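# A closer look at the structure
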Amino acid sequence: MASLQQTRRATRAPTTAPTSPATATSAAGASNARAQERARSEEGVTAGLANYQATLGSWLGGELYRAVSRNLTAEKLAGFVTQGLDAAIQTGTRKAFLSIDGEVDESAVDDFAQALADQYSDLGAKWLETEDGRALVESLQGWVDAHPATVATVALLAAGAAVLANAPIPEITQKFRLPHGFDAEVAARVGKLRAVALEKVKAKLSYKSDMLVAAIQLDHERGASPTGTFDATYGREDSHQLKVDGKLSEAGLELYDVTGIYRPREGREARVGVTGGADTDTTIKAAIQTVDGDVTTSHDVEYDTDSRVLTVRDAATILRDGSRLDVTTSMASTGAVTGSFMHTRQHGTEGLESRVGAEFSRTPSGSGSAWDDSTEQKLKLGMTYTRADLQAELDAVLASTGEHSLTGSVEKDFGGNWKGGANFELTAADGGLAEIGAFYGFQDPEEFETWLARYKYTKADGKHQVDLLIEKKLGEIYARLQQQAAVSKKGNEATTTAQAGYFLNEDVAIFGGLGYQRDTRGTHHFIPQAGVQVGGVPVSVSYDTATRAVSVGITLKFGR
């Protein structure tokens, strides 16, 4: 779960460079100490991070960004970002950034942006060899044309721009060999330099996006038709854009979402769009969002052309002194009303966060009398504790309908690549325990070795499930065993898969295996498998001897 501070940064900050010439020039006559303090302020940090998230997200596209964002946080890239930035400064600043008349030298900034791209191209490949880099490769296995090295390079470039956005004035004048010791006018020009550098990095990202075009994911499930998703973006992030998302099935276009975005000024954004599909009602939507300091407000209107229902929604987010308040309301032309608020606070104890909120809903009965409408109220309480080796979360919901629930989870890093955790859910409807689960295991980030066991129980279907994953390199052979077994009210079922892979060279491996499946009806299936792994993407072909069905899919990667 993202911390409150991370959430605050993403919500509050604009997506443009934090320092403009006009802002810094207006402070003419201010002391150097005040200029330094302003450069180090939270606005600089939040603006840098927001620029990183927005730039990377717009380049990758919505679907792909959601799939890999957890692997590409600024914290995970920090060391490589600093290394590449320092190296780019050494190679990309051979001439002064400021000309004799004090204006920024655009050609020098071009040289610096090119040096950034060159440095991060090499570092991107090296970062992929780290544990976080390998996690990124795993998350990209199902994506067509999504090259991990390219994605890593772009992430480093965007993160480098975020570091530039918050670099203190004295450090910039020293590292970039700029004149210093003058008045605030110099700070203004340095601010312009940072803004130009950010735009040049964005331009480089836009150029690199041609390597990916639009992200397309293809999914193949055994016994099912292939499906896919795609998304693409056209236009400029700071002014206007057209975004297209869609879902494909064997019959063609199943779901689509087209959105136009217009940003007339900083902190103001308008959206219009159409969503629909083969089996989905078509909706027309419009929204306006405004960011004013610590307050973000949005107003949305949505119309369903099939049901002819008009819905109006309003939302506000207020950030103050380490806390966040979210308030939302929704009213439909049918008479349905919903509302909610959630107050989140980061406490003095590091890693401790509390949540208090409520929800209200009213659904019309159709009789025309408001007294007969169905209403429900909920009180929500929650707490999260996070530290380097531990994360624990507890949430409670008290509902006027009696559907109370209590959920919790804990995950612990025991060191030596051993991790364990557990989760539970208690509900009044189920008379107590509704679900419980636990896991414990080891995965070597360098060697092909994994020992992982999971257990899960769900009361609704009386199902106990145990999963086991074992990976081991035996000489030149990469061996894997997967076992899934479940006992439920419907009967017993189990799936066993044994695979072995062999690398022909550094990038290409062949593998084969045999799967055994027993369903709740007692039917037995033997499923031979064969495949090839190229560039870290293992594609397998399977044949079910019982159903005589052939399927193509992506399996777990061999090697690290």
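All chains use their own residue numbering, which begins from 1 and follows the written sequence. Local features in this predicted model are restricted to residues of pLDDT 70 or higher, and side-chain atom pairs are both shown and tallied only at a pLDDT of 80 or more, whereas totals for entire chains, interfaces and linings draw on every residue. The basis for every side-chain value is the complete set of heavy atoms in the structure, and neither hydrogens nor water enter the calculation.

## Digging into the overall build of the protein
A helix here means a DSSP run of H or I that spans at least four residues, while a strand means a run of E at least two residues long, and both kinds are numbered starting from the N terminus. A count of helical and extended segments in the protein gives 11 helices and 25 strands. When burial is assessed residue by residue, the protein has 36% of its 560 residues classed as buried. Here, two residues are considered to be in contact whenever any of their heavy atoms come within 4.5 Å of each other. Taking the contacts inside the protein whose residues are at least 6 apart along the sequence as the reference set, 41% of them involve residues at least 24 apart. Taken as a whole, the protein presents about 29,300 Å² of accessible surface, with 56% of it coming from carbon and sulfur. Only protein chains enter the accessibility calculation, which uses a 1.4 Å probe; a residue whose area is less than 20% of its type maximum is buried, one above 50% is exposed, and one in between is partly exposed. Areas reported as accessible are Shrake-Rupley estimates using a 1.4 Å probe. Residue values count occlusion only from the protein chains shown.

## Things to note about the pairing of strand β17 (residues 432-443)
For two strands to pair, DSSP has to find at least two bridges joining them. The pairing of strand β16 (residues 418-427) with β17 spans 10 bridges and is classified as antiparallel. Residue Trp 418 lies in a different strand from β17, and its bridge partner there is Phe 442. Pairing between β17 and strand β18 (residues 449-458): nine bridges, direction antiparallel. In the strand pairing of β18, Gln 443 is matched with Thr 450. Taking the residues between adjacent antiparallel strands as the criterion, β17 and β18 are bridged by five residues.

## Quick word on the nonpolar core
The nonpolar core is taken to be a set of buried Ala, Val, Leu, Ile, Met, Phe, Trp, Tyr and Cys residues, with the residues joined through side-chain atoms within 4.5 Å. Formed by 38 residues in total, the largest nonpolar core has its most connected members in Tyr 52, Leu 72 and Leu 136. Mapped onto this core, the elements with two or more residues apiece are α4 (42-60), α5 (62-68), α6 (74-92), α7 (106-127), α8 (131-139) and α9 (148-165). Considering each element in turn, this core owes the most residues, 11 residues, to α9. Setting aside residues up to four positions removed in sequence, Tyr 52 forms contacts with Leu 72, Thr 73, Ala 74, Leu 77, Ala 155, Ala 158, Ala 159 and Ala 162.

## Details of the environment of Gln 141
Secondary-structure assignment places Gln 141 in the loop between α8 and β1 (143-144). Taking C-alpha positions, Gln 141 is 7.4 Å from Ile 554, a pair spaced 413 residues apart along the chain. Here Gln 141 is in contact with Gly 536, Val 537, Pro 538, Ile 554, Thr 555 and Lys 557, once residues within four sequence places are set aside.

## So, unusual backbone geometry
Generally, phi is negative for residues other than glycine and the peptide bonds are trans, each holding for most cases. We note that Arg 308 has phi near 60°; this positive angle belongs to a residue other than glycine. Located in the positive-phi region is Asn 417, a residue other than glycine, with phi close to 70°. Structurally, the position occupied by Asn 417 is in the loop between β15 (405-415) and β16. Look at Asn 417 and you get partly exposed, because its relative accessible area is 33%.

## Topic: the environment of Phe 558
With respect to the helices and strands, Phe 558 occurs in the segment after β25 (549-554). Residues Phe 558 and Pro 538, spaced 20 residues apart in sequence, show a C-alpha to C-alpha distance of 7.6 Å. Sequence-distant contacts of Phe 558, defined by excluding residues within four places in its chain, comprise Phe 448, Tyr 478, Arg 480, Gln 499, Ala 500, Gly 501, Phe 503, Phe 511 and Gln 533.

## Focus on the pairing of strand β14 (residues 390-399)
Sheet analysis places strand β13 (residues 374-387) next to β14, joined by 10 bridges and oriented antiparallel. Among the inter-strand pairings, Met 383 is bridged to a residue of β14, identified as Leu 394. Between β13 and β14, which pair antiparallel and follow one another directly, the connecting turn spans two residues. Relative to β15, β14 is paired through eight bridges, and the arrangement is antiparallel. When the bridges of β15 are listed, Gln 391 appears paired with Glu 411. The hairpin turn running from β14 into β15, its antiparallel successor, is five residues long, and Gly 402 in that turn takes a positive phi close to 90°.

## Regarding the confidence of the model for the protein
pLDDT measures how confident the predictor is about each residue, on a scale from 0 to 100. For the protein, mean pLDDT is 77; residues scoring 70 or higher make up 73% of the total. Under a pLDDT of 50 for its full length, residues 1-45 has, in the predicted model, 86 contacts with residues more than four places off or in other chains.

## Concerning the pattern of salt bridges
One speaks of a salt bridge when a side-chain nitrogen belonging to Lys or Arg is within 4 Å of a carboxyl oxygen belonging to Asp or Glu. In total, this model carries 18 salt bridges according to the counting rule given. Notably, a salt bridge pairs Glu 302 with Arg 313, separated by 3.6 Å at the nearest N-O pair. Residue Glu 302 is located in strand β8 (residues 295-304), and its partner Arg 313 is located in strand β9 (residues 309-320); the two are separated by 11 residues in the primary sequence. When its relative accessible area of 25% is taken as the criterion, Glu 302 is described as partly exposed. For Arg 313, a relative accessible area of 31% gives the class partly exposed. The partner of Glu 449 in a salt bridge is Lys 472, with the nearest N and O atoms 3.4 Å apart. Here Glu 449, found in strand β18, pairs with Lys 472, found in strand β19 (residues 463-474); they are 23 residues apart in sequence, far enough to count as distant. On the accessibility criterion, Lys 472 (33% relative accessible area) is partly exposed. Connected through shared salt-bridge partners, Glu 353, Arg 355, Glu 393 and Asp 395 make up one network.

## Considering the packing of aromatic side chains
Each Phe, Tyr or Trp ring, with Trp reduced to its six-membered ring, pairs with another whose centre is within 6.5 Å; inter-plane angles below 30 degrees give stacked pairs, above 60 give edge-to-face pairs, and intermediate values give tilted ones. In this structure the tally under the stated criterion is eight aromatic pairs. Residues Trp 418 and Tyr 440 carry aromatic rings whose centres are separated by 5.3 Å and whose planes lie at 25° to one another, so their mutual orientation is stacked. Separated by 22 residues along the polypeptide, Trp 418 in strand β16 and Tyr 440 in strand β17 bring together distant segments of the chain. Judged by relative accessible area, Tyr 440 falls into the partly exposed class, the value being 43%.

## What to know about the side chain of Asp 444
Looking at the element boundaries, Asp 444 is found in the loop between β17 and β18. Assessed through its relative accessible area of 15%, Asp 444 is described here as buried. By the criterion applied in these results, polar contacts are pairs of N or O atoms within 3.5 Å in which, for protein atoms, one can donate a hydrogen and the other can accept it, and in which residues neighboring in sequence qualify only through two side-chain atoms. A distance of 2.8 Å separates a polar side-chain atom of Asp 444 from the backbone nitrogen of Glu 446. Apart from the residues within four sequence positions on either side, Asp 444 is in contact with Asn 417, Glu 449 and Arg 560.

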